[in-house]
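# Secondary and tertiary structure notes
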Amino acid sequence: PEAVGPKPRTEIEEAKRILRDLITRHKVQAISIGTGTGARELETALRQIISEEELGDILIAAVNDAGIAIYSSSRIAREEFPDWNASARCAVSLARRLQDPLAELVKIDPKLIGVGQYQHDVDQKELHRGLLQTVQYCVNKVAVNLNTGGESLLRYVSGLNDKLARKIVAHRTAQGPFKSRESILAAVSMDKSTYEQCAAFLRIPDAENVLDRTAVHPESYPIVEKMAAALSVGINELIGNKELVSS
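Below is a summary of the structure that appears in this document. (Residues numbered from 1 in each chain as written. Predicted model: local features only at pLDDT ≥ 70, side-chain atom pairs only at ≥ 80, totals over all residues. Heavy atoms only, no water.)

## Side note on unusual backbone geometry
Operational definition: Per the convention used, a helix needs a DSSP run of H or I reaching at least four residues, while a strand needs a run of E reaching at least two, with both numbered from the N terminus.
At K27, a residue that is not glycine, the phi angle is positive and equals roughly 50°. Tracing the backbone shows K27 in the loop between helix 1 (9-26) and strand 1 (30-34). Despite not being glycine, S232 shows a phi value in the positive range, around 60°. Within the secondary structure layout, S232 lies in the loop between helix 13 (221-231) and helix 14 (235-238).

## Notes on the pairing of strand 2 (residues 59-63)
Counted only if it meets this: If DSSP finds at least two bridges between two strands, the strands pair. Call a crossover right-handed when, viewed with both strands pointing away from you, the route from the first strand across the helix to the second goes clockwise.
Relative to strand 2, strand 1 runs parallel, the two being bridged by five bridges. Looking across to strand 2, one finds that I33 is bridged to A62. The β-α-β motif built from strand 1, the intervening helix 2 (residues 39-52) and the parallel element strand 2 has right-handed crossover chirality.

## Some thoughts on the nonpolar core
Condition: In this description, a nonpolar core means a group of buried Ala, Val, Leu, Ile, Met, Phe, Trp, Tyr and Cys residues linked to one another through side-chain atoms lying within 4.5 Å. Buried, partly exposed and exposed residues are distinguished by accessible area as a fraction of the type maximum, computed with a 1.4 Å probe on protein chains only: under 20%, between the cut-offs, and over 50%, respectively. By definition, residues are in contact when any of their heavy atoms lie within 4.5 Å.
V139, L154, L160, I168, I184 and L202 are the most contacted members of the largest nonpolar core, which has 25 residues in total. Of all the secondary-structure elements, those providing two or more residues to this core are helix 8 (124-142), helix 9 (151-154), helix 10 (162-175) and helix 12 (192-198). When residues of this core are assigned to their parent elements, the largest contribution, four residues, is made by helix 10. Apart from the residues lying within four places of it in its own chain, the contact partners of L160 are L154, R155, I168, M190, C198 and L202.

## Thoughts on the pattern of salt bridges
What counts here: Counted as salt bridges are all cases of a side-chain nitrogen of Lys or Arg within 4 Å of a carboxyl oxygen of Asp or Glu.
In total, this model carries 12 salt bridges according to the counting rule given. Residues E104 and R96 are paired through a salt bridge, measuring 4.0 Å at the closest nitrogen-oxygen approach. Assessed through its relative accessible area of 26%, R96 is described here as partly exposed. Its salt-bridge partner being R155, residue D162 comes within 3.9 Å of it at the nearest N-O pair. By relative accessible area, D162 is classed as partly exposed at 41%. Since its relative accessible area comes to 29%, R155 is described here as partly exposed. Residues joined in a network through salt bridges with shared partners are E80, R96, E104 and K107.

## Thoughts on the packing of aromatic side chains
The description of an aromatic ring pair uses the distance of the two centres, along with the angle that the planes make with each other. Put simply, the rule reads: By convention, a stacked pair of Phe, Tyr or Trp rings (six-membered ring in the case of Trp) has centres within 6.5 Å and planes under 30 degrees apart, an edge-to-face pair has planes over 60 apart, and any other such pair is tilted.
Here the structure, examined in full by the defined rule, presents one aromatic pair. Ring geometry for F81 against W84: centres 4.8 Å apart, planes inclined by 20°, an arrangement best described as stacked. Residue classification places F81 among the buried positions, given a relative accessible area of 12%. For W84, a relative accessible area of 42% puts it in the partly exposed group.

## Some words on the side chain of S152
Checked against the element boundaries, S152 lands in helix 9. Setting aside chain neighbours within four positions, we find S152 in contact with I76, V106 and K107.

Have a look at this one:
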């Protein structure tokens, strides 16, 4: 916002009206704002409007917006939102960074997120390799929802690449969500060694087989089944029960 004195009353009232309409119509529960210039003033104004208009308890979160302008003009952004302008793409990316930060940040070259002012003084190939390994480590540590992860996120999963990520998303779009980890083998013509690499990092939260929801590798499913049988409990009861697992 420009520091040119108080805004005209009509402009403030119009802003209130638009916000009230959007929040009510879309049942907004959270508002994401950038951390750039004017963020504090914007947050204060939003809180005031929400309070005055009695719009309920809405979370207002400041989100790191590093590299967001780069994303808005990137090929990925143009493919996602071909009919939108850069400002609208920035707004969507900002909201997504609050919902699922990792899935959004992987769309940007790690160097552009901000890795220090001396990044140009080091070997650029080594820097790229190091940043790539860090992103891969983060993605694999968190794991990816096989039925919601985008191409940008899936390509960082161990064993996968751009081609396989595109195939997974294309199959999901055409045939619907994957029901099990194993179904991915035939769906995208994946070889067994690649499947063994990526399987444990791909989760299906609502899978029929509860082990497909966990970090347990398919190779170890029989071990978990034996553990459950030895304890005379179902696998569903065993998963997540620290006391049973430790026994």
